[in-house]
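Close look at the chain arrangement
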Amino acid sequence: MRESRELSMAFEGADTKETATTCPYCGVGCGVLATPSADGLSAKVEGDPSHPSNFGKLCSKGAALGETLDLSERLLYPEVDGVRASWGDAMSSVARGFAETIKAHGPDSVALYVSGQILTEDYYVANKLMKGFIGASNIDTNSRLCMASSVVGHKRAFGTDTVPGCYEDLELADLIVMVGSNFAWCHPVLQQRVLAAKQARHTKIVVIDPRQTATTQAADLHLAIKPGADVALFNWLFWKLAQSKAFDASFVGEHTDGLSDALVTASSVSESDVEALTGLSASELDQFFRLVAAHERTVTVYSQGVNQSSSGSDKVNAIINTHLVTGRIGKPGMGPFSITGQPNAMGGREVGGLANQLAAHMDHKPDDLDRVARFWHAPRMTTGVGLKAIDMFDAVHDGRIKAIWIMATNPVVSMPQADKVREALETCPLVVVSDVTGQSDTAKLATVLLPATGWGEKSGTVTNSERRISRQRSFLKPPGEARHDWQAICDLARRMGYSGFDFESPAEIYREHAALSAFENDDSRDFDIGADADIDDDAYDAMAPFQWPKPADRARPGLGGRADHRFFADGQFYTPNRRAQFLAAPFKPAKVQPTEAFPLILNTGRVRDHWHTMTRTGKTPRLSLHFAEPFLEMHPADADHLALAHAELVDVASPQGSATLRLLVTDRAARGQVFAPMHWTARFSSNGRVDALVGSAHDPLSGQQESKFTPVSVTAHKPAWYGFGVFQNEPPAEILETLSYWSLARCAAGWRLECAGRGSASAAERGLLGRDIDVSLSLPGGHCRSASFDGQNLHAALAISAGQPVEIDRAWLSGALGAPFDDAARLTLLAGRAAEGMATGPVICSCHGIGRRVIIAAIADGAGSVEAVGAATCAGTNCGSCKPEIAGLLAGEMDPAVAEPIAAE
Ligand code: SF4
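Reading the values: rules and limits
- Residues numbered from 1 in each chain as written.
- Predicted model: local features only at pLDDT ≥ 70, side-chain atom pairs only at ≥ 80, totals over all residues.
- Heavy atoms only, no water.
- Helix = DSSP H or I, 4+ residues; strand = E, 2+ residues; numbered from the N terminus.
- Rg over C-alpha atoms; globule rule 2.2 N^0.38 Å.
- Buried < 20%, exposed > 50% of the residue type's maximum accessible area, 1.4 Å probe, protein only.
- Contact = heavy atoms within 4.5 Å.
- Lys, Arg positive; Asp, Glu negative; His and termini not counted.
- Charge placed at Lys NZ, Arg CZ, Asp CG, Glu CD.
- pLDDT = per-residue confidence, 0-100.
- Polar contact = N/O pair within 3.5 Å; in protein donor to acceptor, adjacent residues only side chain to side chain.
- Pairing = 2+ DSSP bridges.
- Salt bridge = Lys/Arg side-chain N within 4 Å of Asp/Glu carboxyl O.
- Axes fitted to C-alpha atoms, helices over the stretch in contact; angles between N-to-C directions.
- Parallel < 35°, antiparallel > 145°, perpendicular 65-115°, else oblique.
- Left-handed = near helix turned anticlockwise from the far one by under 90°.

**Digging into the overall build of the protein**
Assigned secondary structure in the protein consists of 31 helices and 34 strands. Here the protein has a C-alpha radius of gyration of 27 Å; the compact-globule value for 905 residues is 29 Å, and the two agree. Considering only C-alpha atoms, the protein reaches an extent of 80 × 70 × 55 Å along its principal axes. A buried classification covers 65% of the 905 residues belonging to the protein. At a minimum sequence separation of 6, the contacts of the protein that also span at least 24 residues come to 72%. Of the charged side chains in the protein, 83 are positive and 106 negative, and the gap between their average positions amounts to 2 Å.

Listed below in structure tokens is the structure:
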């Protein structure tokens, strides 16, 4: 049912005009121009030159958005207990379930778990329903996993959750310090802006990261800090700056409190202890200090490497301390800068989508509760904070929460202790999941499954990392019976008998949201978009991207006379006495340390071309070329010690769970540390959910999990055989289940499969290829190649090697699927090598499909710069996301940054 494509109904009347909208992936928030195809199944996508966040640029993910719009795997109809239902019946089940649970067990027995992928208008009504009408605060969001520590840090230092600066500061800075962020892969368009500025004005870049990454390649100084030691480093820097010429006595004296206590704490660790804690030499520390002290225009960019920690909030404040002590905040080219991972994490923070926020940057204080209750005419206002994500799923697990609605997110993959989350949902009496797909690990556990609209169909607003609110506009009609999230939530509210949810459009919701932001504000709160409280529908439709605040009276005091650019230029903060607070942040080691049984530290993160749990990016062949399977980076010395070889499969274990991953032996990983991406789900791999490994340790204030420091063990998987295959049809699940490992990725004409088994290889071969094997070849040493054809065209091919990874040009074979093969070419196929000149090697440039061999050949022919490689091959000439990898190849780093385990070249 879910696979059906009622195209004429779904896209009847699809409007093929160009629509200005916003990318749905990362927190950069790039403007996109989308022109749908006549059938509405794809779109031409370009960067919006007029959008001030990206000025026309897109990264590889954004550029491939048009390939994610087909209806494969779309959820088109509601289901109750696995059976198609009408919206009326499905929502009756939800309303009845919520109402009866609340009646029997109280309002804290239900929860909403929402997402940084939904729009601000969706978020607003969900928060209003939970906190004003159900009367609890159990609404939390996957943004908790992304940036909750920054929220705490901002509030402690500034009195409010304010990002002071803007992207332009990255171009005006003389020094950019990037902490815990693989910026080049996670925020590629911003990295392109940084690199352009570096070229134009010689901006210095310091990258603080335990790993070598595409970002460290562009750094003037890479500080390979020990995991979790950021507070020790920034406390030391803070103390040194306080004694240097960079100390801004007048700013500190006029606009801050708490310096003495913070300095006492910061100076309590000796410099030699700082060296030991951080793993940095005295010389590296000195270089870092000198760079920061010398450059007034310093921006410190930080991201998940800072936030996702049991001391994440303290890390944020340790960074902010260095800016307060130098007065480097609120002015062009300087300031602490939290960059969010998700497209609308900031919008969620604005409406109060975290369980410990109320609404519109108000908290659970008596005055705020009273104010919001009056504004909403709320009959049952919440009184206290709710359960943060980890606590929320613990409460589901132990039965305190008995009904949960999960919206546009996949906690069975993305939450720490992911197996425990799955267990919790398996036993929860009512699990409502609204999403675009019914195939996610979480959707498969739903009692009620609701089809939601996705990018291209949704309409509303999002806020990016620089406080810029942009319109996400629809250009496709919802397929099947998909509905907007705000419509579904309002439907539930009305069915539960609540007034105040009769919204007809997102514009109406936005007006109420804007009005609440201004309600009894008078500059007591930073978030104020009161100028839009009366915006009409046409103006909402035409809204240009803008940075908040946007108060009705833009000239009022407290905004430094610049109502739309930077905060705190006037030294006025949002604490009770308007002074910023230094925070004494003692260094605390990660809560769970390595042991003999779990000796390695696992760091998790993202890859360049995938996003979250791959619901969208997993649909596009070209985004699956860069990394086609889950992997584990490990230092060569650790691999030697464990007798593990590059490209073999390994089992990774922690006290919480396990994963089976491809081993990439590389000195990008530091000794004693391993890295794995967090994207793979049960949809695409047998055991690739790395968040099953991550434990319950979290920051006590922000509730954010420790994703960068999980003690693990790594052992050889030791299958009897390895396989690699390409198939026009997706291999059946019942065959995959017989394998000890599999990982699927889309390629242009079908699927590519990495697999391994402990049973009979020939049984797996028969299962995967069926009985119609047209050509087959057994080679000495347990190697076997076989293929089937549809007429002349390659229908499927499988290579199996006994006891060792298959050596074959995977990119070539994937590209050969569906292509015609004459008898001679079939022999080439069995040899597993491309004909001369056809092998390109693993793909580096996703936009143009340029492989590593092609780039290396261009370098060998004399291309001596990234630009010259681009001119010779086109690589890097579209979105530019691959430029760091091309630079790496130019620098002689032939270790592939792609997961082609063994490329026969
Ligand atoms: Fe989208 Fe890439 Fe821009 Fe992020 S940097 S918003 S993923 S196009």
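Additional details are given in the paragraphs that follow.
**Concerning the confidence of the model for the protein**
Per-residue pLDDT for the protein averages 92, and the proportion of residues at 70 or more is 95%. Contacts from residues 557-563, a stretch scored under 50 in pLDDT, to residues over four places away or in other chains number 16 contacts. Within the model, the stretch residues 895-905 combines pLDDT values under 50 with 51 contacts to residues more than four positions away or in other chains.

**A short note on the environment of Thr216**
As for its placement among the helices and strands, Thr216 is situated in the loop between β9 (204-208) and β10 (221-223). Given the relative accessible area of 11%, Thr216 is considered buried. Sequence spacing of Thr216 and Ser517 is 301 residues, and the spatial spacing of their C-alpha atoms is 40 Å. Beyond its immediate sequence surroundings of up to four residues, Thr216 is in contact with Val207, Arg211 and His222. A polar contact is formed between the side chain of Thr216 and the backbone oxygen of Thr213, at a distance of 2.8 Å.

**Topic: the pairing of strand β16 (residues 448-451)**
The side chains of a regular strand alternate between both faces of the sheet. Of the two faces of β16, the one carrying Val448 and Leu450 and the one carrying Leu449 and Pro451 are both buried. Alignment of strand β15 (residues 430-435) against β16, held across 4 bridges, turns out to be parallel. By the bridge assignment for β16, Val432 is matched with Val448.

**Some words on the side chain of Arg371**
Relative to the elements of secondary structure, Arg371 occurs in helix α17 (residues 366-376). For Arg371, a relative accessible area of 13% gives the class buried. For Arg371, the residues in contact, after removing those within four places along its chain, are Met362, Phe519, Glu520 and Arg525.

**Some remarks on the pattern of salt bridges**
In the structure shown here, the tally under the stated rule is 46 salt bridges. Here Glu67 makes a salt bridge to Arg622, at a shortest N to O gap of 2.6 Å. Here the residue Glu67 occupies a position in the loop between α2 (60-63) and β4 (79-80), and Arg622 occupies one in the loop between β21 (600-605) and β22 (631-634), the gap between them amounting to 555 residues. For Arg622, a relative accessible area of 18% gives the class buried. Close ionic contact of Arg422 with Asp419 constitutes a salt bridge, the shortest N to O distance being 3.3 Å. With Arg422 and Asp419 both in helix α20 (residues 418-427), this residue pair falls 3 residues apart, about one helical turn.

**Focus on the environment of Gly165**
Structurally, Gly165 is set in the loop between α5 (144-158) and α6 (168-172). Here the alpha-carbon distance between Gly165 and Gly330, two residues 165 residues apart in the chain, equals 6.2 Å. Once you skip the residues sitting within four places of it in the chain, Gly165 turns out to touch Phe337, Glu466, Arg467, Gln547, His565 and Arg566.

**Structural notes on unusual backbone geometry**
Each neighbour pair has its own omega, and for Trp548 with Pro549 the value is 15°, a cis peptide bond. Along the chain, Pro549 falls in the loop between β19 (546-547) and β20 (580-581). In the Ramachandran plot, Phe568 falls in the positive-phi region, its phi being about 75° despite a non-glycine side chain. Within the fold, Phe568 resides in the loop between β19 and β20.

**Section: the packing of helix α9 (residues 230-242) against helix α15 (residues 312-326)**
Across the interface, α9 lies against α15 with an axial gap of 9 Å and an inter-helix angle of 15°. Comparing their axes, α15 and α9 come out roughly parallel. The crossing of α9 and α15 is left-handed. For the pair formed by α9 and α15, the contact residues are Asp230, Val231, Phe234, Asn235, Leu237, Phe238, Leu241 and Ala242 on the first element and Asp314, Lys315, Ala318, Ile319, Asn321, Thr322, Val325 and Thr326 on the second.

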